[in-house]
Amino acid sequence: MSKKFLNTEILVEAGTKMLQMVSNKFEDIANLKYPVVPQVQPGFLRQQFSEKPPLEPESLDSILQETETKIFPGLTLWSHPNFYAYYPSNITHASIIAEIFASAFGTPGFQWLASPAQTELENIVVDWVVYGLDLPVKFLMKNQGGGTIAGTVSDAIFISVHAAKRRKMKQLNINTDSAQICKFVGYYIESAHACATKALHLKDIYYQRKLPVIFNDEQQNYVVDLEKAIEIIEQDIKDGLIPFWLSCSFGTTGTCAFDPIDKLGEICQKYQIWFNVDAAYAGSSWLINEYREKAKGLEYADSIEINFAKLMMCGLTGSLFYVNDKSELAEAMGSKIDFEIYKNKFTDNYDVWDYKDWQVALGKRFNSIKMFWMIKSLGLNGMREQILQKIEVANHFEQLVKASNKFRLFTKPQLGLVTFILVNEDLTIQNKLNRKLQELINQNTMNGFISGSEIKGIFYLRISIANHTTTKQNVEEFWNHIQKLSEQL
């Protein structure tokens, strides 16, 4: 039985067929043979399989066939040229190839000894990104801070809240049973991703403050109201509460707004608040000088998240997480917990960092190999080029909206995101029209799939240029489709 599963000839044969099938599907997707979102109903897949698992082994060919004919038809195709929703979750061919190696040897990577190359390659890759994005040098592994590849951005934000809470407890010399912990206050911007408030919820932070946004004429976007933010923080302090964590965004999910990192950093420094910068989508743009200049103040950050599964096409998981003080993080995550099986001479006597102490989970996937292949295969110049390509396509869609007398831009386009509205003088009617238009667009996603959002009571549509296969022709055809649908309203 064991020879059947360890037969490398079968691995090569079936692996080759799988790669061929994936390649064929990529070609079909690029040629628009499938809709973005499958037209299936909940339970469609469960109905095609037995309730109980098989007793005897099945051939890899039959499993591959079921994968292609039953499972693939139920996928939402994030790599589709007409995928315009959310923010991208992309992958390069190089990352797919690297995924084979990442999965092949089953290395859990929880400490250096468990897989030396896995730990050290992650050290190398996170440092490469510091240099590539011109991050403060404090985030290099040789210095006080450092980086890791987190499970997701949500995981990283949760860990930043946890570390911030532990740091504040240490500053105030209080224990876990102290009632003062119930007075901790966490802050996030009104336009922040939901993972910020979820992290605070999971850490039992009762006082959660949503800092309001205002429309900034210079940015033509919604950013944090700094005066109100200071007012709220100072009022909390007067009320005997304890501010401990604040998160801002560089590239908000809704409108790709850039919060003023430098000014918020100064506020956090003044009030001794952990300062988190969520740059999940737009942090990759720091490869381009124009966008790096918009991110002044990163030296104030205690933690930063950048998701290379988005603009960088690394695939899941590519969530880079940097901290100002890696020793502080490791202690907060339990590095001092005594467990005999973890003890070894390398951790104790060498300058190595065990990534089990940077996350909630013990085991760690070999995601650095995917990022390594992606960076090596594109180079910094290639990485810049593919971002600029997406910006160019987005700019083309922007011009199409501007030329319309029925639609207008909602906020100033940034990177690959364009927000727009079907205009009506009555806001209530306008919101209903735009919701209905989104519904019509997404009824048949062969032509395109989008997501809408709402801010300050205004519902708007957003188109995110997500894939390197998306062309100006694709967005022109999609725009014509939108205009025809709008005539039905």
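In this convention, every chain numbers its residues from 1, walking through the sequence in written order. Totals for whole chains, interfaces and linings use every residue, but because this is a predicted model, local features are given only for residues with pLDDT of at least 70 and side-chain atom pairs only at 80 or more, for both listing and counting. As a convention, hydrogens and water are excluded, and side-chain values are obtained from all of the structure's heavy atoms.

Enquirer: Any chance you could explain the side chain of T445 here in plain terms?
Expert: Within the secondary structure layout, T445 lies in the loop between α14 (427–441) and β12 (451–455). Buried means the residue's accessible area, taken with a 1.4 Å probe over protein chains only, is under 20% of the maximum for its type, while exposed means over 50%, and partly exposed covers the values in between. A relative accessible area of 4% places T445 in the buried class. Residues count as neighbours in contact if any of their non-hydrogen atoms are within 4.5 Å of one another. Among all residues touching T445, those that are not within four sequence positions of it are P35, V36 and V37. A run of H or I in DSSP counts as a helix once it spans at least four residues, and a run of E counts as a strand once it spans at least two, with each numbered from the N terminus.

Enquirer: How should the sheet that holds strand β1 (residues 146–150) be read in this particular structure?
Expert: Within a sheet, neighbouring strands are paired by backbone hydrogen bonds and run either parallel or antiparallel to one another. The pairing criterion is simple: DSSP has to find at least two bridges between the two strands. Strand order across the open sheet formed by 7 strands is β1-β9-β8-β7-β6-β2-β3, with mixed pairing between neighbours. Each of the sheet's edge strands pairs with one partner strand only, and the pair in question is β1 and β3 (207–211). On average, adjacent strands in this sheet sit at an angle of 20° to one another, irrespective of strand direction. Sheet topology note: the strand β8 (residues 303–307)/strand β9 (residues 319–323) ladder contains 5 bridges and is antiparallel. Its bridge partner lying in β9, E305 is registered against F321. Geometry is summarised by axes, namely lines fitted to C-alpha atoms with helices restricted to the contacting stretch, and by angles between N-to-C directions that run from 0 to 180 degrees.

Enquirer: Help me understand a nonpolar patch on the surface, please; the structure alone is not making it clear to me.
Expert: Together, F49, I71 and L75 make up a nonpolar patch on the protein surface, roughly 230 Å² of accessible area in all. Along the polypeptide, L75 turns up in the loop between α3 (60–71) and α4 (93–104). A residue counts toward a patch only above 30% relative accessible area and without a salt bridge, and it is joined to like-charged neighbours within 9 Å or, for Val, Leu, Ile, Met, Phe, Trp and Tyr, to nonpolar neighbours within 5 Å. Here, Shrake-Rupley sampling with a 1.4 Å probe gives the accessible areas, and only protein chains in the shown set may cover a residue. Here a salt bridge means any side-chain nitrogen of Lys or Arg lying within 4 Å of a carboxyl oxygen belonging to Asp or Glu.

Enquirer: Explain the packing of aromatic side chains to me, please; I cannot follow it from the model alone.
Expert: The way to describe two aromatic rings as a pair is by their centre distance and the angle between their planes. Note on ring pairs: Phe, Tyr and Trp rings are taken, using the six-membered ring of Trp, and paired if centres are within 6.5 Å. Classes follow the plane angle, with under 30 degrees stacked, over 60 edge-to-face and the rest tilted. Summed over all chains, the structure comprises 27 aromatic pairs. Summarising the aromatic geometry, the rings of Y87 and Y281 are spaced 3.6 Å apart at their centres and angled 10° between planes, so their arrangement reads as stacked. A residue pair is termed long-range when its members are at least 10 positions apart, and Y87 in the loop between α3 and α4 and Y281 in the loop between β7 (274–278) and α10 (289–292) qualify at 194 residues. Comparing Y87 with Y281 shows no difference in burial state: the two are buried. Grouping aromatic residues by their ring pairs yields a cluster made of W78, F83, Y86 and F449.

Enquirer: It is not clear to me how the sheet that holds strand β10 (residues 407–409) should be interpreted in this structure. Could you clarify?
Expert: One open sheet holds the 4 strands; their spatial order is β10-β11-β13-β12, and the pairing between them is antiparallel. The open sheet has two free edges, formed respectively by β10 and β12, since each of these has just one partner strand. Each adjacent strand pair in this sheet contributes to an overall mean axis angle of 40°, direction not counted. Of the strand pairs in this sheet, β12 and strand β13 (residues 458–464) are connected by 5 bridges, and their pairing is antiparallel. Looking across to β13, one finds that E454 is bridged to F459.

Enquirer: Hey, could you run me through the environment of F308 in this one?
Expert: As for its placement among the helices and strands, F308 is situated in the loop between β8 and β9. Those residues in contact with F308 that lie beyond four places of it in its chain are V129, L133, S284, M313, C314, G315, G318, L320, M371, M374 and M383.

Enquirer: Which parts of the structure should I look at to understand the packing of α4 against helix α13 (residues 368–402)?
Expert: Across the interface, α4 lies against α13 with an axial gap of 8 Å and an inter-helix angle of 150°. With respect to the hand of their crossing, α4 and α13 are arranged in right-handed fashion. Of α13, the residues touching α4 (which contributes A94, S95, I97, A98, E99, F101 and A102) are I369, K370, W373, M374 and S377. Each residue is assigned to one of three groups, with Ala, Val, Leu, Ile, Met, Phe, Trp, Tyr, Cys and Pro labelled nonpolar, Asp, Glu, Lys and Arg labelled charged, and all others, Gly among them, labelled polar. Of the residues assigned to the contact of α4 with α13, the class counts are 8 nonpolar, 2 polar and 2 charged. Put simply, a crossing is left-handed when the front helix is turned counterclockwise from the back one by less than a right angle, and right-handed when it is turned clockwise.

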